Amino acid sequence: MARSLERATLEAGLKLDINRLIRNDFITPGLYRSCSVTWTDSYSDEQRAAATISADMSDPVAGWFQIRFNNDIQRVALRTMSRHFGGRQWYFACPRLNVPVSVLWMPIGAARFASKKHWGRQVAYQSQFLNQTGRAHRGQAKIRRRLCSIGSFDPDEWDFPPKPKWMRQRTYDKAEVKFDRYEEMLDLGTCLLVARLTGLI
């Protein structure tokens, strides 16, 4: 049974993922960087928010990250932890709990970023509000959207898009298996609904 919408949906707010910021060259280990970032709606592609971020990662062990919305500034400590097979991994220090985290969230109505653990039961992922059929539809939509954005396909033209040119076959095959698993969930849901309507169960 789907949960009630008494809690804020995390995905409706803003998210900072330190690994994605590094991967997309917004921040760079070993350097000081400053740039502009925007958040867009994953369905409509409309801009939801914009900010300026700065990060000093010149020290190999610790640094800081700063985000500025208009005149409002939040500074977050950065730290590294050694990896099992060598090297170091960067993390945010949650501004509220001072624990290392890769992702910070600012739910709708909040004024600051913090870890999901800090927000606790005030928030939940969107999938937690959905029943099995809703999760299957959402899962298929996410896979379709990802493949279409990588391959520049029109999502309205494809139930399951063809393999994007630069995607590995193995990655594509995994996406197809997952998509088919969601399809099986939807088929089962349809069968159960028909059975209920016809009085078989």
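A brief look at the structure comes next. (Residues numbered from 1 in each chain as written. Predicted model: local features only at pLDDT ≥ 70, side-chain atom pairs only at ≥ 80, totals over all residues. Heavy atoms only, no water.)

## Describing the pairing of strand 4 (residues 47–56)
Two faces make up the sheet, and in a regular strand the side chains alternate between them. Note: strand 3 (residues 32–40) against strand 4, nine bridges, orientation antiparallel. Bridging across to strand 4, Ser36 finds its partner in Thr52. Note: strand 4 against strand 5 (residues 62–69), five bridges, orientation antiparallel. In the strand pairing of strand 5, Asp56 is matched with Trp64. What sits between the antiparallel neighbours strand 4 and strand 5 is a turn of five residues. (Pairing = 2+ DSSP bridges. Helix = DSSP H or I, 4+ residues; strand = E, 2+ residues; numbered from the N terminus.)

## Quick notes on helix 3 (residues 132–151)
Across its 20 residues, helix 3 extends 29 Å between first and last C-alpha, which sits within 8% of the 28 Å expected from 1.5 Å per residue. Taken together, the buried positions of helix 3 are Gly134, Ala136, Arg138, Gly139, Gln140, Ile143, Arg144, Leu147, Cys148 and Gly151. Just beyond helix 3, the residue with positive phi is Ser152, at close to 55 degrees. (Expected span 1.5 Å × (residues − 1). Buried < 20%, exposed > 50% of the residue type's maximum accessible area, 1.4 Å probe, protein only.)

## Description of a positive patch on the surface
On the surface, Lys15, Arg20, Arg23, Lys142, Lys178 and Arg181 cluster together to form a positively charged patch. Of all the secondary-structure elements, those providing two or more residues to the positive patch are helix 1 (18–23) and helix 4 (169–197). Summarising the element assignment, Lys142 is placed in helix 3. (Patch = residues over 30% accessible without salt bridge, like charges linked within 9 Å, V, L, I, M, F, W, Y side chains within 5 Å. Areas by Shrake-Rupley, 256 points an atom, 1.4 Å probe, with all protein chains shown as cover. Salt bridge = Lys/Arg side-chain N within 4 Å of Asp/Glu carboxyl O. Lys, Arg positive; Asp, Glu negative; His and termini not counted. Charge placed at Lys NZ, Arg CZ, Asp CG, Glu CD.)

## Considering the sheet that holds strand 4
Across the sheet, six strands lie side by side as 3-4-5-6-7-8; this open sheet has antiparallel pairing. For this open sheet the edge positions go to strand 3 and strand 8 (100–101), each flanked by a neighbour on one side alone.

## A short note on the pattern of salt bridges
A full pass over the atoms with the stated rule returns two salt bridges. The residue Asp72 makes a salt bridge to Arg112 at a minimum N-O spacing of 3.0 Å. Placement of Asp72 in strand 6 (residues 72–82) and of Arg112 in the loop between strand 9 (103–106) and helix 2 (116–119) is noted, with a sequence separation of 40 residues between them. Two residues, Asp159 and Arg144, come together in a salt bridge whose shortest N-O distance is 3.5 Å. With Asp159 in the loop between helix 3 and helix 4 and Arg144 in helix 3, the pair connects residues that are 15 residues apart, well separated along the chain.

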